[in-house]
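Inside the fold
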Amino acid sequence: MNVKLIGFTPNPEKLPAMAAKLTHSKTKPEELDKSSDKELKAILEQVVGLGHTSVIEHTCFTFAISDVSRSLTHQLVRHRIASYAQQSQRYVNLNEPCYVTPPKIAKDKKMKKAYDETMDTIWKEYNNLLELGIPAEDARYVLPNATHTNIIVTMNARSLMNFFELRCCLHAQWEIRQLANKMLREVKKVAPIIFKKAGPACKSKGICPENKKDCPLYPK
Ligand SMILES: Cc1cc2nc3c(=O)[nH]c(=O)nc-3n(C[C@H](O)[C@H](O)[C@H](O)COP(=O)(O)OP(=O)(O)OC[C@H]3O[C@@H](n4cnc5c(N)ncnc54)[C@H](O)[C@@H]3O)c2cc1C
């Protein structure tokens, strides 16, 4: 899996801070960028701490994600407050086998061999169908959930907070959890105040919506 932050709103923390200041100030919006960095930082820390997170919607982040499974992207695109562009299986022929192997299968030699053989059979059939003149949009019906895909995702910071709460959780499926943790590491580098408490709900809110008392992260 490759995850790269390929774009974000310039001054990702200044804009939400200006928006927050606007709500409690007589200063005209176009004058807000003259506020000191120190003042804006303090305002942002306060609103984020209080959970008044509508202001962080003004900041967006774009990620390039490659070599993940269609299982992962099926879960990812359920997050509706986002924009997506995904590699098409109608227009791109996936002639070479390209798929994710779950670690629990990869660590068992016998299982891994059977898994790889199944994938080879599937791809042979996919290529057979293409050779027989079946269009890629139909041949792809034999491809598995494990098939590699590439996707570009843009989310605003508030939607990302929700995404991290749901998908960094130990209860989330391993592949999307891996993605969420990688995305979180990236955004923390450029927006450390906004994402200071970001992560599973046990970290960001001190609650466990799943009520998994046996989880090592269950809030004390
Ligand atoms: C561990 C786990 C297991 C899951 N299992 C399943 C499953 O078995 N089957 C399944 O179908 N899904 C499953 N999901 C997906 C889940 O139900 C959500 O669809 C997904 O996590 C997206 O979350 P979201 O709606 O909060 O995000 P977004 O779509 O980004 O929405 C963000 C927030 O905006 C608000 N919102 C968005 N759209 C609307 C709307 N139309 N009306 C009102 N408010 C809205 C809500 O407050 C929402 O929380 C699972 C998710 C997790 C994390």
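Residues numbered from 1 in each chain as written. Predicted model: local features only at pLDDT ≥ 70, side-chain atom pairs only at ≥ 80, totals over all residues. Heavy atoms only, no water.

1. A closer look at the packing of helix H1 (residues 14-23) against helix H2 (residues 37-50)
Going by this rule: Note on geometry: axes are C-alpha line fits, over the in-contact stretch for helices, and angles between N-to-C directions span 0 to 180 degrees. Under the DSSP-based scheme used, a helix requires at least four consecutive residues in state H or I and a strand at least two consecutive residues in state E, with every element numbered from the N terminus. Should an angle fall under 35 degrees it is taken as roughly parallel, and over 145 as roughly antiparallel, whereas 65 to 115 is taken as roughly perpendicular and any remaining angle as oblique. Residues are treated as being in contact if the distance between any of their heavy atoms lies within 4.5 Å. Residue polarity is assigned by list, with Asp, Glu, Lys and Arg as charged and Ala, Val, Leu, Ile, Met, Phe, Trp, Tyr, Cys and Pro as nonpolar; anything else, Gly included, falls into the polar class.
Packing of H1 against H2 brings their axes to within 8 Å, and their N-to-C directions diverge by 80°. Classified by the angle their axes make, H1 and H2 are roughly perpendicular. Contact residues: Lys14, Pro16, Ala17, Met18, Ala20 and Lys21 in H1; Asp37, Glu39, Leu40, Ile43, Leu44 and Val47 in H2. Here the contact of H1 with H2 is composed, by residue class, of 8 nonpolar, no polar and 4 charged.

2. Looking at the pattern of salt bridges
Note the following rule: By convention in these notes, a salt bridge is any Lys or Arg side-chain nitrogen within 4 Å of a carboxyl oxygen on Asp or Glu.
Here the structure, examined in full by the defined rule, presents 9 salt bridges. We note a salt bridge from Lys21 to Glu39, for which the minimum N-O separation is 3.1 Å. With Lys21 in helix H1 and Glu39 in helix H2, the pair connects residues that are 18 residues apart, well separated along the chain. Across the pair Glu45 and Lys41 runs a salt bridge, and its minimum N-O distance is 3.6 Å.

3. Description of the site of the ligand
This is how it is decided: Distances are taken per atom, and a residue is near a molecule or strand as soon as one of its heavy atoms is within 4 Å of it. Whenever a nitrogen or oxygen atom comes within 3.5 Å of another N or O atom, the pair is scored as a polar contact, on the condition that within protein one atom can donate a hydrogen and the other can accept it, and that pairs from neighbouring residues in sequence are kept only if both atoms are in side chains. Method for areas: the Shrake-Rupley scheme with a 1.4 Å probe, in which residue coverage is limited to the protein chains shown.
Looking at the ligand, the residues that line it are Arg78, His79, Arg80, Ile81, Asn162, Leu166, Arg167 and His171. Within the side chain of Arg78, an N or O atom sits 2.8 Å from an oxygen atom of the ligand. Here an oxygen atom of the ligand and a side-chain polar atom of Asn162 are 3.0 Å apart. In isolation the ligand has 940 Å² of accessible area, and contact with the protein removes 46% of it. Taken together, the residues of the shell around the ligand break down into 2 nonpolar, 3 polar and 3 charged.

Worth remembering: the numbers are spatial, not functional.
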